[in-house]
Amino acid sequence: MISAKQIRAARGLLKISAAELADLAGVTWKTVQRFETAEGVPASRAGTLERVQAALEQAGIEFLGDPVMTPGVRLKRK
């Protein structure tokens, strides 16, 4: 699982918009916005948050730490 802070940070590192992330993950822009404004780990339906996480990982993001206590992200080396 990933947190709202990690999603926002990952988008910042990738320099992509919420709409672009939504397209990559196959979810709506509104879903991305809801996830990013949540506290901690966003509540989601089966697989939705996992699709966002997978899309970010495919784009080169590595998630670090505990999503609530020590959330972190970094770009993977190519």
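Anything mentioned here points back to the structure above.
Residues numbered from 1 in each chain as written. Predicted model: local features only at pLDDT ≥ 70, side-chain atom pairs only at ≥ 80, totals over all residues. Heavy atoms only, no water.

## Here's the deal with the side chain of Glu36
Thinking step 1. Within the element layout of this structure, Glu36 appears in helix H3 (residues 29-37).
Thinking step 2. Within the structure, Glu36 has its side chain in polar contact with the side chain of Arg11 (distance 2.5 Å).
Thinking step 3. Beyond its immediate chain neighbours, meaning those up to four positions away, Glu36 contacts Ala4, Ile7, Arg8 and Arg11. (Helix = DSSP H or I, 4+ residues; strand = E, 2+ residues; numbered from the N terminus. Polar contact = N/O pair within 3.5 Å; in protein donor to acceptor, adjacent residues only side chain to side chain. Contact = heavy atoms within 4.5 Å.)

## Observations regarding the pattern of salt bridges
Thinking step 1. Across all of its chains, the model carries two salt bridges by this definition.
Thinking step 2. Note that Glu36 and Arg11 form a salt bridge whose closest N and O atoms lie 2.5 Å from each other. Of this pair, Glu36 sits in helix H3 while Arg11 sits in helix H1 (residues 4-14), placing them 25 residues apart in sequence. Neither residue differs from the other here; Glu36 and Arg11 are each classed as buried. (Salt bridge = Lys/Arg side-chain N within 4 Å of Asp/Glu carboxyl O. Buried < 20%, exposed > 50% of the residue type's maximum accessible area, 1.4 Å probe, protein only.)

## Digging into the nonpolar core
Thinking step 1. Counting 19 residues, the largest nonpolar core has Ile7, Leu21, Val52, Leu56, Ile61 and Phe63 as its most contacted members.
Thinking step 2. Every element with two or more residues in this core is listed here: H1, helix H2 (18-25), H3, helix H4 (48-58) and strand E1 (61-64).
Thinking step 3. In this view, Phe63 contacts Ile2, Gln6, Ala10, Gln53, Leu56, Glu57, Gly72 and Val73; residues no more than four positions away in its chain are not counted. (Core = buried A, V, L, I, M, F, W, Y, C linked by side-chain atoms within 4.5 Å.)

Read these as layout, nothing more, since geometry by itself doesn't imply function.
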